[in-house]
Amino acid sequence: MIDGILNVYKEQDYTSFDVVAKLRGILKQKKIGHTGTLDPMAEGVLLVCLGKATKLVDLLTEGDKCYRATMKLGYETDTEDVTGETTAEGDAAVLAQLTQADVKRAILSFIGKYDQIPPMYSALKVNGKKLCDLARNGIEVERKPRLVQIYEIEIEN
């Protein structure tokens, strides 16, 4: 049995569970855990703990994280991400009047602590079921607000 932590790059359209299942097969090892569920559309680093290192999963999951995001402004979707059907679009005349300073101010307003209701299309589990699976079956459940804190936002472009 291998003990340690793997830094795995999770590609889009794979779930965190898919990564763990694949590693179980490759390594012929059952004691494997990941340090935080990434939505299937997300890509990026997923720490995977092996053997005795699985005792560190909770510790690593609780730590601060860093994300890089791309945004498309001016529309809403039924999934609250780019995979959904467009449900509303901003008024083109109003959007045309926005300045970079307006957009920057709106983005930076997310810095701080606040309660956030998780979207139905997320990998978060409620009563053992992923919210995104429930949503795909047309089931919406009550989600309790969770305290989130954003320390910093750096706008690259």
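Cut-offs applied
- Residues numbered from 1 in each chain as written.
- Predicted model: local features only at pLDDT ≥ 70, side-chain atom pairs only at ≥ 80, totals over all residues.
- Heavy atoms only, no water.
- Pairing = 2+ DSSP bridges.
- Helix = DSSP H or I, 4+ residues; strand = E, 2+ residues; numbered from the N terminus.
- Axes fitted to C-alpha atoms, helices over the stretch in contact; angles between N-to-C directions.
- Contact = heavy atoms within 4.5 Å.
- Polar contact = N/O pair within 3.5 Å; in protein donor to acceptor, adjacent residues only side chain to side chain.
- Disulfide = S-S within 2.5 Å.
- Buried < 20%, exposed > 50% of the residue type's maximum accessible area, 1.4 Å probe, protein only.
- Core = buried A, V, L, I, M, F, W, Y, C linked by side-chain atoms within 4.5 Å.

What the three strands build is an open sheet, ordered S1-S3-S2; its pairing is antiparallel. The open sheet has two edge strands with one neighbour each: strand S1 (4–10) and strand S2 (32–34). On average, each strand axis in the sheet is inclined to that of its neighbour by 30°, with strand direction left out of account. Its contacts with the sheet put helix H1 (residues 16–27) on S1, S2 and strand S3 (44–50), and the angle it makes with S1 is roughly 125°.

Here Arg143 is to be found in the loop between helix H5 (131–136) and strand S9 (146–150). For Arg143, the side chain forms a polar contact with the side chain of Glu140, separated by 3.4 Å. At 3.0 Å, the side chain of Arg143 forms a polar contact with the backbone oxygen of Val141. Apart from the residues within four sequence positions on either side, Arg143 is in contact with Ile117, Pro118, Pro119, Met120 and Leu131.

In this section: the state of the cysteines. Scanning all chains against the criterion turns up zero disulfides. Here Cys66 is not cross-linked by a disulfide; its sulfur's nearest cysteine counterpart is in Cys49, at 19 Å. Judged by its relative accessible area of 77%, Cys66 is exposed.

Side chains of a nonpolar character, in soluble globular proteins, are inclined to be buried together. Core analysis: the biggest nonpolar cluster contains nine residues, these being Val8, Val19, Val20, Leu23, Ile32, Leu38, Leu46, Val48 and Leu50. Of all the secondary structure elements, the ones that give two or more residues to this core are H1 and S3. Beyond its immediate stretch of four places on either side in the chain, Val19 contacts Val8, Lys10, Leu46 and Val48.

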